[in-house]
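Examining the three-dimensional arrangement
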Amino acid sequence: QVQLVESGGGLVQAGGSLRLSCAASGNIFSINTMGWYRQAPGKQRELVAAVNTSGSTNYADSVKGRFTISRDNAKNTVYLQMNSLKPEDTAVYYCNADAISYYYRTPLSVWGQGTQVTVSS
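Residues numbered from 1 in each chain as written. Predicted model: local features only at pLDDT ≥ 70, side-chain atom pairs only at ≥ 80, totals over all residues. Heavy atoms only, no water.

1. Regarding the pattern of salt bridges
- Summed over the entire model, instances satisfying the criterion amount to 4 salt bridges.
- A salt bridge links Asp89 to Arg38; the shortest N-O distance between them is 3.0 Å. In this pair, Asp89 is assigned in the loop between strand S8 (77-82) and strand S9 (91-101) and Arg38 in strand S4 (residues 28-39), connecting sequence segments 51 residues apart.
- For Asp89, a relative accessible area of 1% corresponds to the buried category.
- The class for Arg38 is buried, based on a relative accessible area of 6%.
- Salt bridges linked by common partners bring Arg38, Glu46, Arg66 and Asp89 together as one network. (Salt bridge = Lys/Arg side-chain N within 4 Å of Asp/Glu carboxyl O. Helix = DSSP H or I, 4+ residues; strand = E, 2+ residues; numbered from the N terminus. Buried < 20%, exposed > 50% of the residue type's maximum accessible area, 1.4 Å probe, protein only.)

Structural data, given as structure tokens:
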């Protein structure tokens, strides 16, 4: 079993910054891609940013130049630095990891519980 625990959400004014963290734990053999998704009320969940084990990243067009994703492979942790936040960034942010379980070597797509980010205008 693999778990993801997120932290770092909150309320911030437009133009401000927040840093989200997501740590994976449990019976992990390896983790490939880790990413952040978000879901605003009444909208579908969308990819915000993702990073693989080599450090290659991709971003949604709406956050390019403002958000930076990074990871610490030794700690199985992924971060999302969010700068120049806008009210339209308001959403629940979810961490996701594509992992291989330790004992059975089965692929898993694991989700965190979500953390609320609210940007006031």
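2. With respect to the nonpolar core
- Ranked by internal contacts, the top residues of the largest apolar core, which has 31 residues, are Trp36, Val48, Phe67, Val78, Leu80, Met82 and Tyr93.
- Mapped onto this core, the elements with two or more residues apiece are strand S1 (2-7), strand S3 (18-26), S4, strand S5 (46-51), strand S7 (67-72), S8, S9 and strand S11 (115-120).
- In terms of residues, this core owes the most to one element, S9, which gives 5 residues.
- Residues in contact with Val48, not counting those within four places in the same chain, are Trp36, Tyr37, Arg38, Asn58, Tyr59, Ala60, Val63, Phe67, Leu80 and Tyr93. (Core = buried A, V, L, I, M, F, W, Y, C linked by side-chain atoms within 4.5 Å. Contact = heavy atoms within 4.5 Å.)

3. Structural notes on the packing of aromatic side chains
- For the structure on display, the rule yields 2 aromatic pairs.
- Here Tyr102 and Tyr103 contribute two aromatic rings whose centre-to-centre distance is 5.1 Å and whose plane-to-plane angle is 90°, an arrangement assigned as edge-to-face.
- For Tyr102, a relative accessible area of 42% gives the class partly exposed.
- Of the residues examined, Tyr103 reaches a relative accessible area of 60% and is grouped as exposed.
- Residue placement shows Arg45 over the ring face of Tyr94; its charged tip is 3.8 Å from the ring centre. (Phe/Tyr/Trp six-rings, centres within 6.5 Å; stacked < 30°, edge-to-face > 60°. Lys NZ or Arg CZ within 6 Å of the ring centre and 35° of its normal.)

4. Overview of the pairing of S1
- The alternating pattern of S1 places Val2, Leu4 and Glu6 on a buried face and Gln3, Val5 and Ser7 on a face that is not buried.
- As paired strands, S1 and S3 are joined by 6 bridges and run antiparallel to one another. Bridge assignment links Val2 to a residue of S3, and that residue is Gly26. (Pairing = 2+ DSSP bridges.)

5. Some details on the state of the cysteines
- The final tally for this structure, using the stated rule, is 1 disulfide.
- Put simply, Cys22 and Cys95 are joined by a disulfide, and their sulfur atoms are 2.1 Å apart. Around the S-S axis, the bridge from Cys22 to Cys95 shows a dihedral of about -85° and counts as left-handed. Taken together, the positions of Cys22 in strand S3 and Cys95 in strand S9 put the pair 73 residues apart, joining distant regions of the chain. Here the two residues Cys22 and Cys95 agree in accessibility, since each one is buried. (Disulfide = S-S within 2.5 Å.)

6. Digging into the sheet that holds S7
- Overall, antiparallel pairing links the 4 strands, which are arranged S1-S3-S8-S7 in an open sheet. Because the sheet does not close on itself, it has two edges, and the strands there are S1 and S7. Averaged over all adjacent pairs, the angle separating strand axes in this sheet is 15°, with direction ignored. (Axes fitted to C-alpha atoms, helices over the stretch in contact; angles between N-to-C directions.)

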